[in-house]
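Residue strings, one per chain:
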Amino acid sequence: STWGFTSLTLSLVPFGPPRGCTMAALPGPAASAVLRRCDRALVLVIGDSHSAVFSALGHKHFGNLNIVTLRFAGASAQGLANPNSRSDARNRIAALLRQRAASAAAIIFLFGAVDFDFVVYHKSIVERAPRTLAEQIALSSAALRSFLTDVVLTNGALPRSVYLAALHPPPLNADQLTRMLLNPNADRAEFQALREVRALPDDVVLPDHLERTAAVREFNACLHEIAGALSLGGVLDVFEPLIDPETGLVRASCRRERDTDVHLETEALIPHYVSEMTRLGFDRLVKSTDGCADLEGRPQEPRAALLEVDPATLSPPPSVERKACLTLG
């Protein structure tokens, strides 16, 4: 099942209910939408457009799971720290978790691709405020950690049930990235200012493909550190298997036909996600009374104990050598 959020509407759009499920209405702005409740363990996937790959997994690969994907098109990791962001992702996710976290055996978050496909370059091209990839890594990883502690772990999600999904390697070279950013036919509101730009300013030089690939790898390393510091369930990381060892870039077989598409081919991704989810025990997740189960179906720590935790008391991250992961002063 999939629901797509856009910056222009609050509606949730369902696609194809799984068999044998009953329906329960969502509260608030999405009152007309439904989440399916089955005997299968409910896995919520919340992310940007790249999270669509989880919709393709379905019962064919994990018959024990009811995977529900909620997509916020154009939402960035950096924006999760902003309650007034264009996508309103922070507030809508908080509302969803208050109602549904207890019934989910696992919750997967996939945010960050927009930060390295769009946000960092928008700062340089439109806002004329250059930002390095290292600075973007620091800002985005800090925002994501803040979101997890201030929103996710204070609205009913248990740490062990929360997973992060690492970013995919970027598929576009510098020329393709430039054409994608300056596409005059882009209809997304976020691209409105860029549509007026006919060419890159002389002082703007986009990082090359290898530099951007390295930056995404570094951001993924930050995700692993965040997951460890907050005692989360783990990180679904398919980055390295998608890298061609000869070029150091994403494998050609993973790229889509349109050469300015920032997404990778879904069919090429599925085997790697199946492998990662199996490694993390998703194939053994079962539904429990309150929906929060461990790998053998045993309920985790009482939810009341989590709700009383002050985020400030959560264990701080271990010292890291990667300066990019540290919050900028």
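Residues numbered from 1 in each chain as written. Predicted model: local features only at pLDDT ≥ 70, side-chain atom pairs only at ≥ 80, totals over all residues. Heavy atoms only, no water.

(A) Molecular detail of the pairing of strand β6 (residues 106–110). Of all the five residues making up β6, five are buried; the element is thus mostly covered by neighbouring parts of the structure. Here strand β4 (residues 41–47) runs beside β6; their pairing, made up of five bridges, is parallel. Residue valine 43 lies in a different strand from β6, and its bridge partner there is alanine 106. Bridge count between β6 and strand β7 (residues 162–165): three bridges; the pairing is parallel. (Buried < 20%, exposed > 50% of the residue type's maximum accessible area, 1.4 Å probe, protein only. Helix = DSSP H or I, 4+ residues; strand = E, 2+ residues; numbered from the N terminus. Pairing = 2+ DSSP bridges.)

(B) Structural view of the packing of helix α3 (residues 113–125) against helix α5 (residues 174–181). Running from amino to carboxyl end, α3 crosses α5 at an angle of 75°, the nearest separation of the two axes being 11 Å. By the angle between their axes, α3 is roughly perpendicular relative to α5. Along the contact surface, α3 presents Asp117, Phe118, Tyr121 and Ile125, while α5 presents Leu177, Met180 and Leu181. Split by residue class, the contact of α3 with α5 holds six nonpolar, no polar and one charged. (Axes fitted to C-alpha atoms, helices over the stretch in contact; angles between N-to-C directions. Parallel < 35°, antiparallel > 145°, perpendicular 65-115°, else oblique. Contact = heavy atoms within 4.5 Å. Nonpolar A, V, L, I, M, F, W, Y, C, P; charged D, E, K, R; others polar.)

(C) Main features of the pairing of β7. A two-sided burial pattern is seen for β7, the buried positions comprising Val162 and Leu164 on one face and Tyr163 and Ala165 on the other. Inspection of the sheet shows β7 paired to strand β8 (residues 234–236) by three bridges, in the parallel sense. Note on β8: the bridge partner recorded for tyrosine 163 is glycine 234.

(D) Main features of the confidence of the model for the chain. Model confidence for the chain is summarised by a mean pLDDT of 77, while 71% of its residues fall at 70 or above. Here helix α8 (residues 303–307) stands out as the element of the chain with the lowest mean pLDDT, 26, in contrast to β7, whose mean of 98 is the highest. Within the model, pLDDT remains below 50 along residues 2–38, and this stretch shows 83 contacts once partners closer than five positions in the same chain are excluded. Below a pLDDT of 50 lies the segment residues 289–323, which in the model reaches 66 contacts outside its immediate sequence neighbourhood of four places, other chains included. (pLDDT = per-residue confidence, 0-100.)

(E) Broad picture of empty space enclosed by the protein. A full pass over the atoms with the stated rule returns two cavities of 30 Å³ or more. Considering only enclosed or pocket space, the largest cavity measures out at about 80 Å³ in volume. If you trace the largest cavity, you find it lined by His50, Ala113, Phe116, Asp117, Leu167, His168, Pro169, Pro170, Pro171, Val216 and Val262. (1 Å grid on protein atoms, 1.4 Å probe; cavity = no way out; pocket = protein on both sides within 12 Å on 5 of 7 lines; lining within 4 Å. Points joined across faces, edges and corners; volume = space filled by probe spheres on them.)

(F) Spatial organisation of helix α4 (residues 133–150). Here α4 spans 25 Å end to end across 18 residues, near enough to the 26 Å set by a 1.5 Å rise per residue. Along α4, the residues that are buried comprise Leu133, Gln136, Ile137, Ala138, Ser140, Ser141, Ala143, Leu144, Arg145, Phe147, Leu148 and Thr149. On its buried face, α4 is in contact with α2 (89–100), β6, α3, β7 and α6 (209–229). (Expected span 1.5 Å × (residues − 1).)

(G) How the structure looks around unusual backbone geometry. A positive phi angle is found at aspartate 88, which is not glycine, with a value near 55°. By the element assignment, aspartate 88 lies in the loop between β5 (65–72) and α2. With a phi angle near 55°, serine 231 is a residue other than glycine that sits in the positive phi range. Tracing the backbone through its elements, the reader meets serine 231 in the loop between α6 and β8.

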